[in-house]
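Read off the chains here:
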Amino acid sequence: MSTVAIPTVTLKAGREKSLKRRHPWVFSGAIGAVGQAPDSGATVELRSADGARLALAAWSPSSQIRARVWSFDAQAKIDAAFLRQRLASAIALREALPVARHTNALRLVHAESDGLPGLIVDRYADVLVAQFLSAGAEFWREEILDALMELTGCEAIFERSDAEVRTLEGLHPRAGFVRGEHAAGRVAIHEHGLQFRVDVAAGQKTGFFLDQRENRQRVRSLAAGRNVLDGFCYTGGFALAALAGRANSVVAVDSSAPALEIARENLSANPFDASRLRFEVADVFAYLRSLRDRAAQFDMIVLDPPKFAPTAAQAENAARAYKDINLLALKLLAPGGLLATFSCSGGVPLEFFQKIVAGAALDAGVDARVIEHFAAGPDHPVALNFPEGEYLKGLLIVRAW
Ligand code: SAH
């Protein structure tokens, strides 16, 4: 076998510190000398200014995150076998989770936190949805797809490499079946006994918000006898969980008509009294305001808005939006009522989020207490060397009196 020399990338003096802590990203400003110009996504060897071999990484020439580490073992060989092993270990981790017995929909690969930077793979029954979001993941696309088919025995893979972050990597959007086929449109999944339809082709993200599974269960366990408002309901995940938990009534609001169309299908796919759930196509901000003007009250409110601040730079604007909706929701809450409020903004850490909600309670003139914290489920692990992997946070708040 011929050995092809791996291009060497030498960091500026002192810029190896984060790699020594095993953080997998190298920013463009840390790059010193680059040997021969590596291809986009090709493997490079990262060295400190004094020549120490630190890691093997994927080269992203267009991105501010110029290199993403595959392995901190500079002797490793990054090839199909290496990737297959990483994939196998990510899949084994999910198979060992107790929740794997209660659903056939799980995140199998959570990018950096599974040692596979830029790769997301969600399993919906026998269909996988894959996102290749970095130059390195894109470089090994075929090898990854082959290994996924073999390791999971799934019948098809739908690629949803249409997320905006791909443009930062200099990659074009791509979507469609890349292995096998599945009847167009919906994949039927189940989660804790509830049936859902997932639109892998046109749904948001990869089609379903798997990260909220455990939190939907929590809401279900608290919903009995309550009048519930599900704000930003998408395809009705929390709304159906509340019905399953014997909520008295549920109003579910989203601005996306296609999402609500699937939400209605999801309602019919489950044995609930449909008259207890009402869907509203509306902007949640305006809808909450109109409810306030009518002095409406709820015993439980869920707020699961989209990512207002993908990065810290947008955190201030996002804070205003989070404060608005939480202030309105707290005002609509009956004494003893529960608010499950979420943020999936990477740029808004938990402490900041809690501060925003505290400000909202203050301005609403409402006495409220945090009784639980929420996070993404265990199929969305957070590598300890990659705190950025933790993006979803939530608070369960009770209005005191
Ligand atoms: N809770 C859902 C996921 C919510 S995702 C679940 O468990 O599946 C966020 C949702 O917010 C999306 O469905 C999106 O269509 C909706 N959305 C975004 N901005 C909105 C707005 N201003 N008003 C209402 N819905 C909005």
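Please refer to the structure higher up on the page.
All of the points below concern the structure found in this document. On a predicted model such as this, the values are computed, not experimentally measured, just so you know.

## Some remarks on the overall build of the protein chain
Secondary structure summary: the protein chain contains 11 helices and 20 strands in total. Against the compact-globule benchmark of 21 Å for 401 residues, the protein chain has a radius of gyration of 23 Å, which places it among compact chains. Projecting the C-alpha coordinates of the protein chain onto the three principal axes gives extents of approximately 70 × 45 × 35 Å. Split into buried and exposed, the 401 residues of the protein chain put 54% on the buried side. Working note: accessible area of the protein chain is about 17,000 Å², and carbon and sulfur atoms make up 53% of it. In the protein chain, 45 positive and 45 negative side-chain charges are present, and the distance between their average locations comes to 4 Å.

## Digging into the site of the ligand
Taken together, 16 residues are adjacent to the ligand, and R216, D254, D283, V284 and D304 come closest. Taken by itself the ligand offers 580 Å² of open surface, and the protein chains cover 91% of this. In terms of residue class, the shell around the ligand is made up of nine nonpolar, three polar and four charged.

## Examining the pairing of strand β1 (residues 8-11)
The side chains of a regular strand alternate, first on one face of the sheet and then on the other. Burial along β1 is one-sided: V9 and L11 are buried, while T8 and T10, pointing the other way, are not. Alignment of β1 against strand β4 (residues 43-47), held across three bridges, turns out to be parallel. Looking at β4, one finds that T8 is bridged to E45.

## Points about the sheet that holds strand β16 (residues 277-281)
Read across the sheet, seven strands follow the order β16-β15-β14-β17-β18-β20-β19 without closing on themselves; strand pairing throughout is mixed. Whereas interior strands pair on both sides, the edge strands pair on one side only; in this sheet they are β16 and β19 (368-375). Shown here is a sheet whose adjacent strand axes are inclined to one another by a mean of 15°, direction ignored. Examined bridge by bridge, strand β17 (residues 298-303) and strand β18 (residues 333-343) share five bridges and lie parallel to one another. Bridging across to β18, I301 finds its partner in L339. Sheet strands in contact with helix α8 (residues 257-268) are β15 (249-254) and β16, and its direction is about 170° off that of β16. Packed on one face of the sheet, helix α9 (residues 284-293) meets β14 (227-231), β15, β16 and β17 and runs near 150° to β14.

## Some remarks on the pattern of salt bridges
Applying the stated criterion across every chain yields a total of 29 salt bridges. In this structure, K205 engages D211 in a salt bridge whose closest nitrogen and oxygen atoms are separated by 3.9 Å. By relative accessible area, which is 39% here, K205 ends up partly exposed. A relative accessible area of 4% means that D211 is categorised as buried. For D293, the salt bridge identified is with R292, shortest N-O distance 3.3 Å. Classification of D293 by relative accessible area gives exposed; the value is 59%. Among the ionic contacts, a cluster of salt bridges with common partners joins E138, R141, E142, D146, E159, R166, R174 and R179.

## A short note on helix α7 (residues 237-244)
Of all eight residues in α7, seven are buried, a share of seventy percent or more. Listed in full, the buried residues belonging to α7 are G237, F238, A239, L240, A241, A242 and L243. R246 occupies a position one or two residues after α7 and carries a positive phi of about 65°.

## Regarding the sheet that holds strand β7 (residues 105-110)
Here five strands make up an open sheet; going across it, the order is β7-β8-β9-β10-β11 and the pairing mixed. One side of each edge strand has no neighbouring strand; the edge strands of this open sheet are β7 and β11 (174-179). Sheet twist, expressed as the mean angle between neighbouring strand axes with direction ignored, is 20°. Both strand β8 (residues 119-124) and strand β9 (residues 127-132) contribute to a ladder of six bridges, which runs antiparallel. Each bridged residue has a counterpart across the sheet, and for R123 the counterpart in β9 is L128. Contacts from helix α4 (residues 141-152) reach β7, β8, β9, β10 (156-161) and β11, with the element oriented near 50° to β11.

## Details of a positive patch on the surface
A contiguous patch of positive charge, built from K12, R15, K17 and R21, is present on the exposed surface. Here K17 is to be found in helix α1 (residues 17-20). Overall, K17 belongs to the exposed group, its relative accessible area being 55%.

Cut-offs used in this document
Residues numbered from 1 in each chain as written. Predicted model: local features only at pLDDT ≥ 70, side-chain atom pairs only at ≥ 80, totals over all residues. Heavy atoms only, no water. Helix = DSSP H or I, 4+ residues; strand = E, 2+ residues; numbered from the N terminus. Rg over C-alpha atoms; globule rule 2.2 N^0.38 Å. Buried < 20%, exposed > 50% of the residue type's maximum accessible area, 1.4 Å probe, protein only. Areas by Shrake-Rupley, 256 points an atom, 1.4 Å probe, with all protein chains shown as cover. Lys, Arg positive; Asp, Glu negative; His and termini not counted. Charge placed at Lys NZ, Arg CZ, Asp CG, Glu CD. Near = heavy atom within 4 Å. Nonpolar A, V, L, I, M, F, W, Y, C, P; charged D, E, K, R; others polar. Pairing = 2+ DSSP bridges. Axes fitted to C-alpha atoms, helices over the stretch in contact; angles between N-to-C directions. Contact = heavy atoms within 4.5 Å. Salt bridge = Lys/Arg side-chain N within 4 Å of Asp/Glu carboxyl O. Patch = residues over 30% accessible without salt bridge, like charges linked within 9 Å, V, L, I, M, F, W, Y side chains within 5 Å.

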